[in-house]
Amino acid sequence: MPTEKKIPTGKTYKDYMDVINVVCKVEYKRLNNAYMVDFDEFQNIAIITVHTILTENPNKEYNITYLSVAIKWAIRNELRNRYRWYGVKNKNFSEFSQNELKDSIYSTILSTD
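Let me begin by describing the structure that accompanies this report. (Residues numbered from 1 in each chain as written. Predicted model: local features only at pLDDT ≥ 70, side-chain atom pairs only at ≥ 80, totals over all residues. Heavy atoms only, no water.)

### Some remarks on the overall build of the chain
Let me state the cut-off plainly: A run of H or I in DSSP becomes a helix once it reaches four residues, and a run of E becomes a strand once it reaches two; helices and strands are each numbered from the N terminus. Only protein chains enter the accessibility calculation, which uses a 1.4 Å probe; a residue whose area is less than 20% of its type maximum is buried, one above 50% is exposed, and one in between is partly exposed. Any two residues whose heavy atoms approach within 4.5 Å are treated as being in contact. Here the accessible surface of atoms and residues is derived via Shrake-Rupley with a 1.4 Å probe, and residues count as covered only by protein chains that are part of the display.
Counting secondary structure elements, the chain contains four helices and zero strands. Secondary structure of the chain in N-to-C order comes out as α-α-α-α. Expressed as a percentage of its 113 residues, the buried residues of the chain come to 27%. Once local pairs closer than 6 in sequence are excluded, the contacts in the chain between residues at least 24 apart make up 64%. Per element, the accessible surface of the chain, about 8,600 Å² overall, is 53% carbon and sulfur.

Set out below in structure tokens:
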């Protein structure tokens, strides 16, 4: 029996590019002093976020406010994870013992924040 491929009738991330760009510009201006993330990376995080939300329920209509808050928090969570890594990377480890160094690295990797 031939199987039919269902084409989703919902929207894609391309339908929300205006919202993605506005939120990314605002967050980039707010967080630009960190010099860790380019504007393109903000857009990629936002596109992945919107795509994930839209693929969970393809026929559901989402409020723009909901999507913009989701994008904002996805960007902030990504930066929080990067700051944690850069913080461990840039510490002066000469003053730590080998066990303290391992504990610091493992706590960074396994943290749930």
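Now that the structure is up, let's keep going.
### Structural notes on the pattern of salt bridges
Operational definition: By convention in these notes, a salt bridge is any Lys or Arg side-chain nitrogen within 4 Å of a carboxyl oxygen on Asp or Glu.
Under the defined criterion, the tally for this structure stands at three salt bridges. Here Glu61 makes a salt bridge to Lys11, at a shortest N to O gap of 3.2 Å. Taken together, the residues Glu61 in the loop between helix 2 (39-56) and helix 3 (64-89) and Lys11 in the segment before helix 1 (17-31) connect sequence positions 50 residues apart. Judged by relative accessible area, Glu61 falls into the exposed class, the value being 55%. Close ionic contact of Arg76 with Glu27 constitutes a salt bridge, the shortest N to O distance being 3.5 Å. You can see Arg76 sitting in helix 3 and its partner Glu27 sitting in helix 1, a full 49 residues away along the chain. Look at the salt bridges and you will find they share partners, linking Glu27, Arg30 and Arg76 into a network.

### Some details on the nonpolar core
Going by this rule: In these notes, a set of buried Ala, Val, Leu, Ile, Met, Phe, Trp, Tyr and Cys residues joined through side-chain atoms within 4.5 Å is what counts as a nonpolar core.
In this structure, Ile20, Cys24, Phe42, Val50, Ile71, Ile75 and Leu79 are the most contacted members of the largest nonpolar core, which totals 20 residues. Mapped by element, the contributors of at least two residues to this core are helix 1, helix 2 and helix 3. Per-element accounting of this core gives the leading share, seven residues, to helix 2. Once you skip the residues sitting within four places of it in the chain, Ile71 turns out to touch Ile20, Val23, Ala46, Thr49 and Val50.

### Describing helix 1
Residue pairs spaced three or four apart in an α-helix point in one direction, given the helix's 3.6 residues per turn. The condition is simple: A helix is expected to reach a length of 1.5 Å times the quantity of its residues less one. To be clear, the arc concerns the directions from the helix axis to the C-beta atoms.
Its 15 residues place the ends of helix 1 20 Å apart at the C-alpha level, agreeing with the 21 Å of an ideal helix rising 1.5 Å per residue. Restricting attention to buried positions, one finds in helix 1 the residues Val19, Ile20, Val23, Cys24, Glu27 and Leu31. Along helix 1, the residues classed as buried sweep out an arc of 120° about the axis, all on the same side. Residues of helix 1 that are exposed and point more than 90 degrees away from the buried face comprise Asp18, Val22 and Lys29.

### A look at helix 2
The first and last C-alpha atoms of helix 2 sit 26 Å apart over 18 residues, in line with the 26 Å expected at 1.5 Å per residue. The complete set of buried residues in helix 2 reads Phe42, Gln43, Ile45, Ala46, Ile47, Thr49, Val50, Ile53 and Leu54.

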